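Descriptive analysis of the structure
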Amino acid sequence: MADSPLLWWRRQGLRFRLTVAAAAVLALALALSASVLLSVLDRTLMATVDESTRQQAQRVRVAADAGTLTSPITTHDGTIVQVIDAKGRITHVTYGADRLVPLLDARARAQVLLHGQATELDGRPYAISGFLRVVVLSADRGQTVVAARPVSEIQTSLGTAGRVLLVGTPALVVLLAVASWIMIGRTLRPIAALRRGAADITHTARSRRLPVPQSRDEVHSLATTLNGMLSRLEEAEQRQRALVSDAAHELRSPLASIRLQLEVALGHPDGQDWQETAEGVLEDTMRLSRLAEDLLALARLDERGGVPARREPVELDEVVRQIADRYAEARLTVCDPVVVRGDALDLSRVLTNLMDNAVRHTTSKVEVALTADGVLTVTDDGPGVPEQDRERVFNRFTRLDSGRSRDEGGAGLGLAIVRETVRAHGGTVALEDAAPGLRAVVRLPVSR
């Protein structure tokens, strides 16, 4: 079954379609222009002939009214003139004009006089080749002046112009089509380079980038945007690989510990304290559970692309009170109700992670405060974090030397989860010196 014209058109290349469309538009425009040109030229030339003929007729009428007509009547531009008296007889004519038969009969002359416009007449019955433009004027004593001028030259000129346009227009369209084909090909050349560059990018050449043309046009913007996308994808892949590698490393330690304890217990069952072994295995299992929860939380944040799971009003002061009540070390200072938009569970996890981190390092108490402008602070009086490390601790699986022990430190994901969650809610988080201790400052946009 043959394809429909529309389907065939859609299957053609962009270069072909643009060239054909440009040529078709130009052909239509040139055809309309040629038609208008010939029409305007015809009317202008005919108006010029009519005006010249009317002037000759007017000159003859003045002479007829004054009774000074010569025989034959002389004209300088080849105008044919007949002067007809009140009885319909031809009294004066130009050289070579018919003295017996008027160019227009009485009824036709009356019609031309009534409308005041020139008329067209076939001159062949009067032994004149081609058509004539005839003007009729009324003179004194019932006389009528009939002036006519051949328009064969005008028709020849119009025919010549039409033939030139008929030949030149297709040639111009073909010329433009060829030029368009070449120009469009050069314009699409950077896109072809982009396509080849994209085909060369594989999993083994991820760091390659698409070629960027020197011209500052839409293709340049497209190439720049695509390279930015490739950079983001490469960065995301690197982060994913780093996360998998770090997660595997973190999982290896508790699993090895569980395996060692169980192997020792099974190898020496008689001298083994099973209560102590169970407690050790449980501790490592809890560590695995926390790590799995943190990894799942980060995976969900990455999957949502930095957008909260929900956008609903959250009474942040109530969330802070509920979380702070779980910790005996917490000293709470909360202002009037503070409402933010986001996910209550994610915000609860933010404060929980900050509290766990503060309680792990504090020596006596943890101060929690919330202000009306959405600033949440969690302050401990522990050893603090050196200034050069306060930004680095927000990276995934980053732990300082003081927090690397199995009993004191986590997996290094808590603060990373805090920053990703706060950013998703349109806020910021930073660490400040509390002298002594450390202060975590979270700023969230308040819903007015």
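To start, this report covers the structure provided alongside it. Keep in mind it's a predicted model, so treat the numbers as computed, not measured.

The next thing to look at is the nonpolar core. One recurring pattern in soluble globular proteins is that nonpolar side chains are buried together. Among the nonpolar cores identified, the biggest contains 34 residues, and Leu 354 and Met 355 are the most heavily contacted of them. Among the elements that make up this core, the one with the highest residue count is helix H8 (residues 344-361) (six residues). Discounting residues that sit within four places of it in the chain, Leu 354 has contacts with Val 378, Leu 415, Val 418, Ala 440 and Val 442. Core analysis: the second largest hydrophobic core is formed by 15 residues, Val 93, Leu 121, Ile 128 and Ala 148 among them.

With their axes 10 Å apart at the nearest point, helix H7 (residues 316-324) and H8 run at an angle of 40° to one another. Compared by their axis directions, H7 and H8 come out oblique. For the crossing formed where H7 meets H8, the hand is right-handed. Judged by residue contacts, Leu 316, Val 319, Val 320 and Ile 323 of H7 engage Leu 347, Ser 348, Leu 351, Thr 352 and Met 355 from H8. When the residues that make up the contact of H7 with H8 are grouped by side-chain class, the tally is seven nonpolar, two polar and no charged.

Attention now goes to the pattern of salt bridges. All told, the structure shown has eleven salt bridges when counted by the stated rule. Between Asp 122 and Arg 124 there is a salt bridge, with its nearest N and O atoms 2.9 Å apart. For Arg 124, a relative accessible area of 60% gives the class exposed. Among the ionic pairs, Arg 392 bridges to Asp 389, the shortest N-O distance being 3.2 Å. On the basis of relative accessibility, which here comes to 37%, the residue Arg 392 falls in the partly exposed class. The exposure class of Asp 389 is buried, given its relative accessible area of 14%. Each member of the salt-bridge network shares a partner with another, and the members are Asp 50, Glu 120 and Arg 133.

Quick look at the side chain of Asp 343 now. By the secondary structure assignment, Asp 343 is in the loop between strand E8 (339-342) and H8. Judged by its relative accessible area of 2%, Asp 343 falls in the buried class. Engagement of the side chain of Asp 343 in a polar contact is seen with the backbone nitrogen of Asp 346, the distance being 2.9 Å. When residues no more than four places from it in sequence are discounted, the contact partners of Asp 343 are Ala 309, Arg 310, Val 314 and His 425.

Quick look at the sheet that holds strand E10 (residues 375-380) now. Reading across the sheet, the five strands line up as E7-E9-E10-E12-E11 and stay open at both edges, with mixed pairing between neighbours. What marks the edges here is a single partner per strand, and that holds for strand E7 (330-334) and strand E11 (428-433). Each neighbouring strand pair of the sheet contributes to a mean axis angle of 15°, computed without reference to strand direction. Bridge analysis of E7 against strand E9 (residues 366-370) gives five bridges, and the strand direction is parallel. Paired with Ala 330 across the bridge in E9 is Val 366.

Conventions and cut-offs
- Residues numbered from 1 in each chain as written.
- Predicted model: local features only at pLDDT ≥ 70, side-chain atom pairs only at ≥ 80, totals over all residues.
- Heavy atoms only, no water.
- Core = buried A, V, L, I, M, F, W, Y, C linked by side-chain atoms within 4.5 Å.
- Buried < 20%, exposed > 50% of the residue type's maximum accessible area, 1.4 Å probe, protein only.
- Helix = DSSP H or I, 4+ residues; strand = E, 2+ residues; numbered from the N terminus.
- Contact = heavy atoms within 4.5 Å.
- Axes fitted to C-alpha atoms, helices over the stretch in contact; angles between N-to-C directions.
- Parallel < 35°, antiparallel > 145°, perpendicular 65-115°, else oblique.
- Left-handed = near helix turned anticlockwise from the far one by under 90°.
- Nonpolar A, V, L, I, M, F, W, Y, C, P; charged D, E, K, R; others polar.
- Salt bridge = Lys/Arg side-chain N within 4 Å of Asp/Glu carboxyl O.
- Polar contact = N/O pair within 3.5 Å; in protein donor to acceptor, adjacent residues only side chain to side chain.
- Pairing = 2+ DSSP bridges.

So far we have only geometry, and geometry alone does not tell us how the molecule works.
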